[in-house]
Amino acid sequence: MPDRTVITIGNFDGVHLGHRAILRNARALADENHATLLALSFDPHPATRLHPDTVPPRLTTRAQRETALRHAGADHVIFLTPDRATLDLEPEAFIRQLIDDHHPVAFVEGPDFRFGHNRRGDLDMLRDLGRQHDFQVHITQPVGVTLHDRWQHTASSSLARWLIGRGRVEDATLVLGRPFALQSTVTRGEQRGRTIGFPTINLHPQPIADMILPADGVYAGTACLRKREHPAAISVGTKPSFDADALTVEAHLLDFDQDVYDQPVTLEFTRWLRDQARFPDLDALTDQLARDVEQVRTHADKGRLAPTARAMAPIISRL
Ligand SMILES: Cc1cc2nc3c(=O)[nH]c(=O)nc-3n(C[C@H](O)[C@H](O)[C@H](O)COP(=O)(O)O)c2cc1C
Ligand SMILES: Nc1ncnc2c1ncn2[C@@H]1O[C@H](COP(=O)(O)OP(=O)(O)O)[C@@H](O)[C@H]1O
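Residues numbered from 1 in each chain as written. Chains lettered and ligands numbered in written order. Predicted model: local features only at pLDDT ≥ 70, side-chain atom pairs only at ≥ 80, totals over all residues. Heavy atoms only, no water.

The chain appears in an unreviewed UniProt entry as Riboflavin biosynthesis protein from Mucisphaera calidilacus. Entered under Sequence similarities (unreviewed entry) in the UniProt record, the comment concerning the chain runs "Belongs to the ribF family." Recorded under Function (unreviewed entry), the UniProt text for the chain is reproduced unchanged: "Catalyzes the phosphorylation of riboflavin to FMN followed by the adenylation of FMN to FAD." (UniProt positions renumbered as here; feature names shortened; annotations may be inferred.)

Now the structure itself:
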């Protein structure tokens, strides 16, 4: 008898609290049934083939999604390519293929789950197929989050994108269950930072081209480089003091002095500090950078740069 599986299917962009609730329930079912837990996703997003104009910017790269899904309990993560052959599969054929390949004992999904050609398959159809093919269908209800302004909302990828796009990275952390993070490599800038006493790692734009970027501004966060975490003062913007055009994501790392060009780096955004400003001269800019760094240091000393999911548990409620 081949291994049985519990399957959950979704885009899982951000692997937010709602996704994690699905994974948690699926993990428990898999353990009860001595089955392996399979998370099935698409990469790229199916909309890239179907409605390229409507593809939302990403909260997570494929690699970040895979890591987060595994942390959330998945034994295996499979990415399907949204090619014509897969997208044209009728809902019944799509599920039959999964039955043949993975022998599911159960599917765990959210209440708005749709599948197959033109999203024609729904939960009633999945339950019918379950009766025919001997698998269960479990629904996980959405998870509610209370944001810092006491606004209550259901955790969703679009909410996280909306918050990040407005610079509300503390609220995005509540929705995602961890700080929003950009992964890239370190590229060269104009080599000015070191001359003013604040060298910055500049993120290579290509790996983050499809990602949502926090609103222009200055943030406190953490840089993970060579497996170590460093408090960081992060700038997202076009350097208005220098009339530059390109949008740059860069960070000054506290108490750090290494050449890290071309190294992979993860930048986590924990707190909004201020808007970007146009400074009249270099002295005014460096005075402000010193104040930004002191703010980051204060937050880091108070352990506020890496809120854990556990620390946030009391303000997460079910709607
Ligand atoms: C914490 C931080 C805040 C920043 N804030 C601003 C700002 O408000 N206005 C601005 O024009 N540039 C700002 N910058 C960007 C600096 O102008 C830039 O880092 C500096 O010119 C060095 O550029 P380089 O990395 O290309 O050498 C900020 C950079 C950091 C690290
Ligand atoms: N504390 C630090 N924070 C950021 N980068 C640092 C730091 N110390 C040394 N560096 C190195 O210096 C480089 C940044 O120097 P900078 O003068 O700003 O040049 P660039 O304009 O190319 O970013 C970084 O890419 C990194 O290799």
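*Asks:* Explanation requested: the site of ligand 2 in the structure shown.
*Replies:* Neighbouring ligand 2 are 21 residues; Gly 189, Gln 191, Arg 194, Val 260 and Tyr 261 lie closest to it. Within the backbone of Gln 258, one N or O atom sits 3.2 Å away from a nitrogen atom of ligand 2. At a separation of 2.6 Å, an oxygen atom of ligand 2 approaches a polar side-chain atom of Tyr 261. If ligand 2 stood free it would expose 550 Å²; the protein chains cover 95% of that surface. Of all the elements in the fold, those that place two or more residues in the shell around ligand 2 are strand E9 (201-203) and strand E12 (248-253). (Near = heavy atom within 4 Å. Polar contact = N/O pair within 3.5 Å; in protein donor to acceptor, adjacent residues only side chain to side chain. Areas by Shrake-Rupley, 256 points an atom, 1.4 Å probe, with all protein chains shown as cover. Helix = DSSP H or I, 4+ residues; strand = E, 2+ residues; numbered from the N terminus.)

*Asks:* What is the right way to read the nonpolar core from this model?
*Replies:* Generally speaking, nonpolar side chains in soluble globular proteins are found buried as a group. Ranked by internal contacts, the top residues of the largest apolar core, which has 40 residues, are Phe 180, Leu 182, Ile 234, Val 249, Leu 253, Leu 267 and Phe 269. Among the elements that make up this core, the one with the highest residue count is helix H8 (residues 169-176) (five residues). For this core, the two domains that each supply at least three residues are domain 1 (5-141) and domain 2 (163-310). When near neighbours in sequence (up to four residues on either side) are disregarded, Leu 267 contacts Phe 180, Ala 181, Leu 182, Leu 203, Thr 222, Ala 223, Ile 234, Val 249 and Ala 251. Of all hydrophobic cores here, the second largest spans 19 residues; its members include Val 15, Leu 23, Leu 37 and Ala 39. (Core = buried A, V, L, I, M, F, W, Y, C linked by side-chain atoms within 4.5 Å. Buried < 20%, exposed > 50% of the residue type's maximum accessible area, 1.4 Å probe, protein only. Domains from an automatic or database assignment. Contact = heavy atoms within 4.5 Å.)

*Asks:* What's the story with the pattern of salt bridges in this structure? I'm lost.
*Replies:* Opposite charge on two side chains makes pairing possible when the charged atoms of those side chains draw close. Scanning the entire structure with this criterion turns up 21 salt bridges. Between Glu 294 and Arg 297 there is a salt bridge; the shortest N-O distance is 3.7 Å. Of this pair, Glu 294 and Arg 297 both sit in helix H9 (residues 282-301), three residues apart, which is roughly one turn of that helix. Assessed through its relative accessible area of 26%, Arg 297 is described here as partly exposed. The network of salt bridges with common partners includes Glu 190, Arg 192, Lys 239 and Glu 250. (Salt bridge = Lys/Arg side-chain N within 4 Å of Asp/Glu carboxyl O.)

*Asks:* Any chance you could explain the packing of helix H7 (residues 157-165) against H8 here in plain terms?
*Replies:* Between two packed helices, what matters for the description is the angle formed by their axes and the separation of those axes. At a closest axis distance of 8 Å, the pairing of H7 and H8 adopts a crossing angle of 165°. One finds that H7 runs roughly antiparallel with respect to H8. Both H7 and H8 take part in a crossing whose hand is left-handed. Counted together, Leu 159, Ala 160, Leu 163 and Ile 164 of H7 and Asp 171, Ala 172, Val 175 and Leu 176 of H8 form the full contact between these two elements. Classifying every residue of the contact of H7 with H8 gives seven nonpolar, no polar and one charged. (Axes fitted to C-alpha atoms, helices over the stretch in contact; angles between N-to-C directions. Parallel < 35°, antiparallel > 145°, perpendicular 65-115°, else oblique. Left-handed = near helix turned anticlockwise from the far one by under 90°. Nonpolar A, V, L, I, M, F, W, Y, C, P; charged D, E, K, R; others polar.)

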